Amino acid sequence: MAVCISVIAKENYPLYIRSVPTQNELKFHYTVHTSLDVVEEKISAVGKSLGDQRELYLGLLYPTEDYKVYGYVTNSKVKFVIVVDSSNTSLRDNEIRSMFRKLHNSFTDVMCNPFHNPGDTIQSKVFDGIVSGMMVTAG
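Residues numbered from 1 in each chain as written. Predicted model: local features only at pLDDT ≥ 70, side-chain atom pairs only at ≥ 80, totals over all residues. Heavy atoms only, no water.

The protein chain is annotated in an unreviewed UniProt entry as Trafficking protein particle complex subunit 2-like protein of Pleuronectes platessa. Turning to the protein chain, the UniProt record has this under Sequence similarities (unreviewed entry): "Belongs to the TRAPP small subunits family. Sedlin subfamily." (UniProt positions renumbered as here; feature names shortened; annotations may be inferred.)

Peer 1: Looking at this structure, I do not really get the overall build of the protein chain. What am I missing?
Peer 2: Regarding its fold elements, the protein chain presents three helices and five strands. Along the chain direction, N to C, the helices and strands of the protein chain fall in the order β-β-α-β-β-β-α-α. Expected size for 139 residues packed as a compact globule is a radius of gyration near 14 Å; at 14 Å, the protein chain falls within 12% of this value. Projected onto the principal axes, the alpha-carbon positions of the protein chain cover approximately 45 × 35 × 25 Å. (Helix = DSSP H or I, 4+ residues; strand = E, 2+ residues; numbered from the N terminus. Rg over C-alpha atoms; globule rule 2.2 N^0.38 Å.)

Peer 1: When you look at the packing of aromatic side chains in this model, what are you seeing that I'm missing?
Peer 2: In this description, a pair of aromatic rings is defined by centroid distance and the angle of the planes. The final tally for this structure, using the stated rule, is six aromatic pairs. Plain terms: the ring middles of Tyr 16 and Phe 127 are 5.0 Å apart, the flat faces sit at 90° to each other, and that makes the pair edge-to-face. Residue Tyr 16 is found in strand S2 (residues 14-19), and its partner Phe 127 is found in helix H3 (residues 125-134); the two are separated by 111 residues along the sequence. The residues Tyr 16 and Phe 127 share a single accessibility class, namely buried. Consider the rings of Phe 28 and Tyr 67, whose centres lie 5.1 Å apart with planes at 65°: the pair is edge-to-face. Of the two residues, Phe 28 sits in helix H1 (residues 25-50) while Tyr 67 sits in strand S4 (residues 67-73), which places them 39 residues apart along the sequence. By the burial criterion, Phe 28 is buried, and Tyr 67 matches it. Through a chain of ring-to-ring contacts, the aromatic side chains of Tyr 57, Tyr 72, Phe 80, Phe 100 and Phe 107 assemble into a single cluster. (Phe/Tyr/Trp six-rings, centres within 6.5 Å; stacked < 30°, edge-to-face > 60°. Buried < 20%, exposed > 50% of the residue type's maximum accessible area, 1.4 Å probe, protein only.)

Peer 1: How should the pairing of S2 be read in this particular structure?
Peer 2: The two faces of a sheet get side chains in turn, since along a regular strand they alternate between them. With five bridges connecting them, strand S1 (residues 2-8) and S2 associate as antiparallel partners. Looking across to S2, one finds that Ser 6 is bridged to Ile 17. In this structure, the hairpin formed by S1 and S2 is closed by a connection of five residues, where Asn 12 is found at a positive phi of approximately 65°. (Pairing = 2+ DSSP bridges.)

Peer 1: So what exactly am I meant to see when it comes to the pattern of salt bridges here?
Peer 2: Oppositely charged side chains may form a pair once their charged atoms are brought near each other. Taken as a whole and assessed by the stated rule, the structure comprises five salt bridges. Put simply, Asp 66 and Lys 27 hold a salt bridge, and the shortest N to O gap is 3.6 Å. Of this pair, Asp 66 sits in the loop between strand S3 (57-63) and S4 while Lys 27 is found in helix H1, placing the two residues 39 residues apart along the sequence. Take Lys 27: its relative accessible area is 38%, and that puts it in the partly exposed class. The residue Glu 40 makes a salt bridge to Lys 79 at a minimum N-O spacing of 3.6 Å. Placement of the pair is Glu 40 in helix H1 and Lys 79 in strand S5 (residues 79-85), with a sequence separation of 39 residues. The partly exposed category is assigned to Glu 40, whose relative accessible area is 34%. Classification of Lys 79 by relative accessible area gives buried; the value is 2%. (Salt bridge = Lys/Arg side-chain N within 4 Å of Asp/Glu carboxyl O.)

Peer 1: How should I be thinking about the sheet that holds S5 in this particular structure?
Peer 2: Sheet strands pair by backbone hydrogen bonding; their relative direction is either parallel or antiparallel. The strand order across the open sheet built from five strands is S2-S1-S5-S4-S3, with neighbouring strands paired in antiparallel fashion. What marks the edges here is a single partner per strand, and that holds for S2 and S3. Ignoring which end each strand starts from, the neighbouring axes of this sheet average 15° apart. Sitting on the sheet, helix H2 (residues 93-111) touches S1, S2, S3, S4 and S5, and the angle it makes with S5 is about 140°. The strands touched by H3 are S1 and S2; relative to S2, the strand with the most contacts, the crossing angle is about 40°. (Axes fitted to C-alpha atoms, helices over the stretch in contact; angles between N-to-C directions. Contact = heavy atoms within 4.5 Å.)

Below, the structure written as C-alpha coordinates:
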(Lines give C-alpha, C1' and ligand atoms only; values in the text may rest on other atoms or scores of the structure.)
Protein backbone atom coordinates (compact mmCIF):
# COMPACT_ATOMS: atom_id res chain seq x y z
CA MET A 1 0.00 0.00 0.00
CA ALA A 2 1.04 3.64 0.44
CA VAL A 3 4.22 4.86 2.13
CA CYS A 4 3.13 8.54 2.19
CA ILE A 5 -0.30 10.18 1.99
CA SER A 6 -0.77 13.94 1.87
CA VAL A 7 -3.55 16.48 1.53
CA ILE A 8 -2.51 19.80 0.00
CA ALA A 9 -4.68 22.92 0.16
CA LYS A 10 -5.75 24.98 -2.85
CA GLU A 11 -2.95 27.45 -2.08
CA ASN A 12 -0.36 24.60 -2.09
CA TYR A 13 0.39 24.33 1.62
CA PRO A 14 0.08 20.98 3.41
CA LEU A 15 -3.08 20.26 5.38
CA TYR A 16 -1.94 16.74 6.25
CA ILE A 17 1.17 14.66 5.51
CA ARG A 18 1.82 11.23 6.94
CA SER A 19 4.59 8.82 6.01
CA VAL A 20 5.36 5.34 7.27
CA PRO A 21 9.14 5.21 7.64
CA THR A 22 9.37 8.35 9.80
CA GLN A 23 13.13 8.60 9.26
CA ASN A 24 12.39 9.49 5.59
CA GLU A 25 9.75 12.10 6.42
CA LEU A 26 11.71 15.04 4.97
CA LYS A 27 12.29 13.11 1.73
CA PHE A 28 8.53 12.50 1.41
CA HIS A 29 7.77 16.19 2.06
CA TYR A 30 10.12 17.03 -0.79
CA THR A 31 8.56 14.37 -3.07
CA VAL A 32 5.04 15.66 -2.38
CA HIS A 33 5.97 19.28 -2.99
CA THR A 34 7.82 18.51 -6.22
CA SER A 35 4.75 16.60 -7.44
CA LEU A 36 2.62 19.74 -7.14
CA ASP A 37 4.17 21.13 -10.33
CA VAL A 38 3.07 18.02 -12.22
CA VAL A 39 -0.41 18.28 -10.65
CA GLU A 40 -0.78 21.91 -11.76
CA GLU A 41 0.42 20.99 -15.25
CA LYS A 42 -2.11 18.15 -15.54
CA ILE A 43 -4.95 20.30 -14.19
CA SER A 44 -4.29 23.02 -16.77
CA ALA A 45 -3.98 20.48 -19.60
CA VAL A 46 -7.23 18.74 -18.65
CA GLY A 47 -9.02 22.05 -18.14
CA LYS A 48 -8.19 23.16 -21.68
CA SER A 49 -9.26 19.94 -23.35
CA LEU A 50 -12.45 18.99 -21.52
CA GLY A 51 -13.83 22.26 -20.18
CA ASP A 52 -15.84 21.61 -17.02
CA GLN A 53 -15.94 17.80 -17.26
CA ARG A 54 -12.69 16.84 -15.67
CA GLU A 55 -11.54 13.63 -14.12
CA LEU A 56 -10.60 14.01 -10.47
CA TYR A 57 -8.06 11.18 -10.60
CA LEU A 58 -4.83 12.36 -12.26
CA GLY A 59 -3.11 8.97 -12.33
CA LEU A 60 0.61 8.41 -12.11
CA LEU A 61 2.29 11.80 -11.76
CA TYR A 62 5.84 10.52 -12.02
CA PRO A 63 7.85 7.45 -11.08
CA THR A 64 11.14 7.72 -9.22
CA GLU A 65 13.72 5.04 -8.62
CA ASP A 66 12.13 3.96 -5.33
CA TYR A 67 8.55 5.29 -5.48
CA LYS A 68 5.57 6.01 -7.69
CA VAL A 69 3.64 9.22 -7.06
CA TYR A 70 -0.11 9.40 -7.80
CA GLY A 71 -2.37 12.46 -7.73
CA TYR A 72 -6.01 13.40 -7.28
CA VAL A 73 -7.70 16.82 -7.25
CA THR A 74 -11.08 17.65 -5.71
CA ASN A 75 -13.58 20.09 -7.21
CA SER A 76 -12.40 22.69 -4.69
CA LYS A 77 -8.79 22.29 -5.95
CA VAL A 78 -7.58 20.43 -2.84
CA LYS A 79 -4.92 17.95 -3.92
CA PHE A 80 -4.30 14.44 -2.63
CA VAL A 81 -0.91 12.84 -3.27
CA ILE A 82 -0.18 9.19 -2.54
CA VAL A 83 3.37 7.83 -2.75
CA VAL A 84 3.64 4.07 -3.27
CA ASP A 85 6.75 1.89 -3.10
CA SER A 86 7.89 0.96 -6.63
CA SER A 87 8.57 -2.62 -5.58
CA ASN A 88 4.82 -3.12 -5.03
CA THR A 89 3.90 -4.29 -8.54
CA SER A 90 0.64 -5.94 -7.47
CA LEU A 91 -1.06 -2.57 -6.86
CA ARG A 92 -3.35 -1.82 -9.81
CA ASP A 93 -4.76 1.47 -11.04
CA ASN A 94 -8.30 0.73 -9.81
CA GLU A 95 -6.94 0.04 -6.31
CA ILE A 96 -5.21 3.42 -6.31
CA ARG A 97 -8.47 5.02 -7.44
CA SER A 98 -10.37 3.38 -4.59
CA MET A 99 -7.75 4.62 -2.12
CA PHE A 100 -8.27 8.17 -3.41
CA ARG A 101 -12.05 7.76 -3.25
CA LYS A 102 -11.84 6.59 0.36
CA LEU A 103 -9.48 9.46 1.19
CA HIS A 104 -11.79 11.98 -0.50
CA ASN A 105 -14.83 10.68 1.41
CA SER A 106 -13.06 10.93 4.75
CA PHE A 107 -11.73 14.39 3.85
CA THR A 108 -15.32 15.45 3.09
CA ASP A 109 -16.37 14.17 6.51
CA VAL A 110 -13.63 16.30 8.11
CA MET A 111 -14.75 19.39 6.19
CA CYS A 112 -18.36 18.80 7.25
CA ASN A 113 -17.34 18.90 10.92
CA PRO A 114 -18.69 22.21 12.31
CA PHE A 115 -15.67 22.49 14.63
CA HIS A 116 -13.12 22.32 11.81
CA ASN A 117 -12.00 25.58 10.23
CA PRO A 118 -11.34 25.13 6.49
CA GLY A 119 -7.68 25.83 5.78
CA ASP A 120 -6.47 24.50 9.15
CA THR A 121 -4.36 21.37 9.34
CA ILE A 122 -6.37 18.17 9.72
CA GLN A 123 -6.39 16.95 13.34
CA SER A 124 -9.17 14.34 13.07
CA LYS A 125 -8.49 10.97 14.72
CA VAL A 126 -10.99 9.28 12.40
CA PHE A 127 -9.22 10.68 9.32
CA ASP A 128 -5.89 9.61 10.80
CA GLY A 129 -7.27 6.11 11.37
CA ILE A 130 -8.45 5.80 7.77
CA VAL A 131 -5.07 6.98 6.49
CA SER A 132 -3.33 4.50 8.80
CA GLY A 133 -5.40 1.72 7.27
CA MET A 134 -4.12 2.66 3.81
CA MET A 135 -0.48 2.83 4.86
CA VAL A 136 2.08 0.06 4.61
CA THR A 137 2.64 -1.71 7.89
CA ALA A 138 6.27 -1.29 8.82
CA GLY A 139 7.66 -4.66 9.76
